[in-house]
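# Structural description and commentary
These are the residues of each chain, in order.
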Amino acid sequence: MMIPVCRLADLPRGEAFRLETDPPVAVFHTEEGELYAIDDTCTHQDASLADGWLEGCEVECPLHASKFDLRTGAVDAPPARRPVRTHEVVVEDGVIHVRLSPSAPGLPSCAAGRLAGGAG
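Residues numbered from 1 in each chain as written. Predicted model: local features only at pLDDT ≥ 70, side-chain atom pairs only at ≥ 80, totals over all residues. Heavy atoms only, no water.

### Points about unusual backbone geometry
Our working definition: Helical segments are the DSSP runs of H or I of at least four residues, strand segments are the runs of E of at least two, and each set is numbered from the N terminus. When accessible area is computed with a 1.4 Å probe and restricted to protein chains, residues below 20% of their type maximum are described as buried, those above 50% as exposed, and intermediate ones as partly exposed.
Here the bond from Asp22 into Pro23 is cis, since omega is 0°, no more than 30 degrees from zero. Tracing the backbone shows Pro23 in the loop between β2 (15-19) and β3 (25-29). Of note, the bond from Pro78 into Pro79 is cis; its omega dihedral lies within 30 degrees of zero at 20°. Residue position: Pro79 is located in the loop between β8 (75-77) and β9 (86-92). Residues other than glycine seldom take positive phi values, yet Ala65 does so here, at roughly 70°. Along the chain, Ala65 falls in the loop between β6 (58-60) and β7 (67-69). Judged by its relative accessible area of 33%, Ala65 falls in the partly exposed class.

### Overview of a negative patch on the surface
Rules: Only residues whose relative accessible area exceeds 30% and that form no salt bridge are eligible for patches; like-charged ones are grouped when within 9 Å, while nonpolar side chains (Val, Leu, Ile, Met, Phe, Trp, Tyr) are grouped when within 5 Å. Note on areas: Shrake-Rupley, 1.4 Å probe, and residue coverage restricted to the protein chains presented here. For salt bridges, the criterion is a side-chain nitrogen of Lys or Arg within 4 Å of an Asp or Glu carboxyl oxygen. When charges are counted, Lys and Arg are positive and Asp and Glu negative, with His and the chain ends excluded. Taken as the charge location is NZ of Lys, CZ of Arg, CG of Asp or CD of Glu.
On the surface, Glu15, Glu31, Glu32 and Glu34 cluster together to form a negatively charged patch. Inspection of the secondary structure puts Glu32 in the loop between β3 and β4 (35-39). With a relative accessible area of 52%, Glu32 lands in the exposed category.

### Describing the environment of Val59
Our working definition: Pairs of residues are marked as contacts when any of their non-hydrogen atoms sit within 4.5 Å.
Looking at the element boundaries, Val59 is found in strand β6. Under the relative-accessibility criterion, Val59 is labelled buried at 1%. For the pair Val59 and Asp76, spaced 17 residues apart in sequence, the C-alpha separation works out to 9.3 Å. Ignoring any residue separated from it by four or fewer positions in sequence, one finds Val59 in contact with Phe28, Ile38, Leu49, Gly52, Trp53, Ser66, Lys67, Phe68 and Leu70.

### A few points about the sheet that holds β7
Heads up, the rule is: Any two strands with at least two DSSP bridges between them are considered paired. Convention adopted: a line fitted to C-alpha atoms gives each axis, helices being fitted over their contacting stretch, and angles between N-to-C directions are expressed from 0 to 180 degrees.
Read across the sheet, 4 strands follow the order β5-β6-β7-β8 without closing on themselves; strand pairing throughout is antiparallel. In this open sheet, the two strands that pair with only one neighbour each are β5 (53-55) and β8. Taken pair by pair, the neighbouring strands of this sheet meet at an average axis angle of 30°, ignoring direction. As paired strands, β7 and β8 are joined by 2 bridges and run antiparallel to one another. By the bridge assignment, Phe68 is partnered in β8 with Val75.

Put into C-alpha cells, the structure is as follows:
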C-alpha cells in the first residue's frame, strides 16, 4: 500500500517529515537529494528520529545519540542495538509516497506496549 506523504517541493533537503502511521514513519530528504523512510521511533527508547540530526545518510536520535543508517536501518552508534525498519520511497507526479515494509517494527519495549494499547 502506497501512502502519500507530501509534495517533494514541500520537504526541503536536510529535513524530515513525520508520517502519523501506527507506528509513525519518518521520511528524510538528505542534503544530496536522496529520500529515505524509516520507522520514526528509536529502537533504544521512545524518541522521534524525525526530531534528530540528519548527516549524510545517517540520523542521530535526539535522546541518547544513537545513530541509524537511513539506507539499511542498521545501528551505526549505540546505545541502540536493534536496527530500525526501512520503507520504500517513491516519487510520483512530484508527490512523495511510502510503501510500508511488511516486516515487524523494531520498537523499544516502552513504545511497543503503548502502541499495543497497554501502559508503556
